[in-house]
Amino acid sequence: MNQVNSARPYRHPGAAFLSHYGTVQSEEDVYQYVEFLRQAAQLDDQPPIDLSPIYLHFGIPTPLRVPLEEQQGILVDSRTGIILIKEDDPIVRQRFTEGHELLELLFDGLDQSSPGTKLPAEIVQRKERLCDQGSADLLMPKSSFMPKVNELGISLNTGRAIATLYQTSLIATLMRMVQYTTNDCALVMWRSALKPSEVKALGNLDVRPHKKLRIWWRLQSAGWTGGFIPKDKSVPSDSLIATVYDTGQSLSDRERMHLGSAVIDCYVEALRLQMGESNCVLSLLHLLND
């Protein structure tokens, strides 16, 4: 059922922000919109962050959970604030999608207020990423998030604990940790270059999928001194990453890694995750400088 927040008439949050602050000129303006939403709804920074006060303040209907196929969420009608969320996604994913769609309302407000006006190219190119970043800012406010990270230290276990506390996904939580820490670390996701059907077809043949296990994406902290990490870099068959992929066990150990043109010593934490139909390995690399 579409629950309407009837305490207040609907007010487009993106249009409300723009009427007060003007147009968007930089990424910082996008993050200012997040603070605008937080302050308007009188949200504090203590987890878990409840988005319903934002809906209530702006009269936005509670997002509908529906069976979407190829999208996590859709802003159906910005004139009424109707948002659809993929009903079979995990709750933490649904919460992140809600935050993303609230950011979409900012860009919709821009289209309505200044039709034909060209945004800075970097804003246009990074729109989806900025919506994801804005959702992370909403759900994991830096003011409360980073003190907890600094207290517990950067690790996969810390990521799990804080993800539970903030009701966010492990990957989104770890990405935020790495983004804001000054530690010398990087988050790297590995996946097989083989299609799931090709992996299955190998059966018991002595051809291991990890021979084509490569970097899918990576995120380095501002303090990372290990050099450039190239996308699609493969991993040796005797590495800790390959062992985690093969066995499904979460492992951690010191390891020398060949990334790009550099050879670096790291303490590696890794676990296997299923992403869609594929098994992947998520690794947290801590550079060792001794």
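Keep in mind that what you see is a predicted model, and the values were worked out from it rather than measured. (Residues numbered from 1 in each chain as written. Predicted model: local features only at pLDDT ≥ 70, side-chain atom pairs only at ≥ 80, totals over all residues. Heavy atoms only, no water.)

Where helix H4 (residues 91-113) contacts helix H6 (residues 127-139), the two axes come as close as 8 Å, and the packing angle between them is 120°. With respect to H6, the axis of H4 lies oblique. Handedness of the crossing formed by H4 with H6: right-handed. Together, Arg95, Phe96, Gly99, His100, Leu102, Leu103, Glu104 and Phe107 of H4 and Lys127, Glu128, Leu130, Cys131, Asp132, Gly134, Ser135, Ala136, Leu138 and Leu139 of H6 make up the contact between the two elements. Per-class residue counts for the contact of H4 with H6 are 9 nonpolar, 4 polar and 5 charged. (Axes fitted to C-alpha atoms, helices over the stretch in contact; angles between N-to-C directions. Helix = DSSP H or I, 4+ residues; strand = E, 2+ residues; numbered from the N terminus. Parallel < 35°, antiparallel > 145°, perpendicular 65-115°, else oblique. Left-handed = near helix turned anticlockwise from the far one by under 90°. Contact = heavy atoms within 4.5 Å. Nonpolar A, V, L, I, M, F, W, Y, C, P; charged D, E, K, R; others polar.)

With that out of the way, let us pick up the sheet that holds strand E3 (residues 82-86). If you trace the 3 strands from one edge of the open sheet to the other, you get E1-E3-E2, paired in mixed fashion. Each end of this open sheet is capped by a strand with a single partner; those strands are strand E1 (64-66) and strand E2 (73-77). On average, adjacent strands in this sheet sit at an angle of 30° to one another, irrespective of strand direction. Bridge count between E1 and E3: 3 bridges; the pairing is parallel. From the neighbouring strand, Arg65 faces E3, where its bridge partner is Ile85. (Pairing = 2+ DSSP bridges.)

Two orientations exist for strands paired in a sheet by backbone hydrogen bonds: parallel and antiparallel. The strand order across the open sheet built from 5 strands is E5-E4-E8-E7-E6, with neighbouring strands paired in antiparallel fashion. One side of each edge strand has no neighbouring strand; the edge strands of this open sheet are strand E5 (213-220) and strand E6 (251-259). The sheet shows a mean angle of 35° between the axes of neighbouring strands, direction not considered. Inspection of the sheet shows strand E4 (residues 185-192) paired to strand E8 (residues 278-287) by 7 bridges, in the antiparallel sense. The residue bridging Ala186 from the neighbouring strand is Leu285, located in E8. Contacting E4, E5, strand E7 (262-275) and E8, helix H9 (residues 170-180) crosses the sheet at an angle of about 50° to E5.

Our focus in this paragraph is the pairing of E4. Across the 8 residues that make up E4, a large majority, 7, are buried. Where E4 lies against E5, 7 bridges are found, and the strand directions are antiparallel. Across the sheet, Ala186 pairs through a bridge with Gln220, a residue of E5. (Buried < 20%, exposed > 50% of the residue type's maximum accessible area, 1.4 Å probe, protein only.)

So yeah, pure geometry; function would need other evidence.
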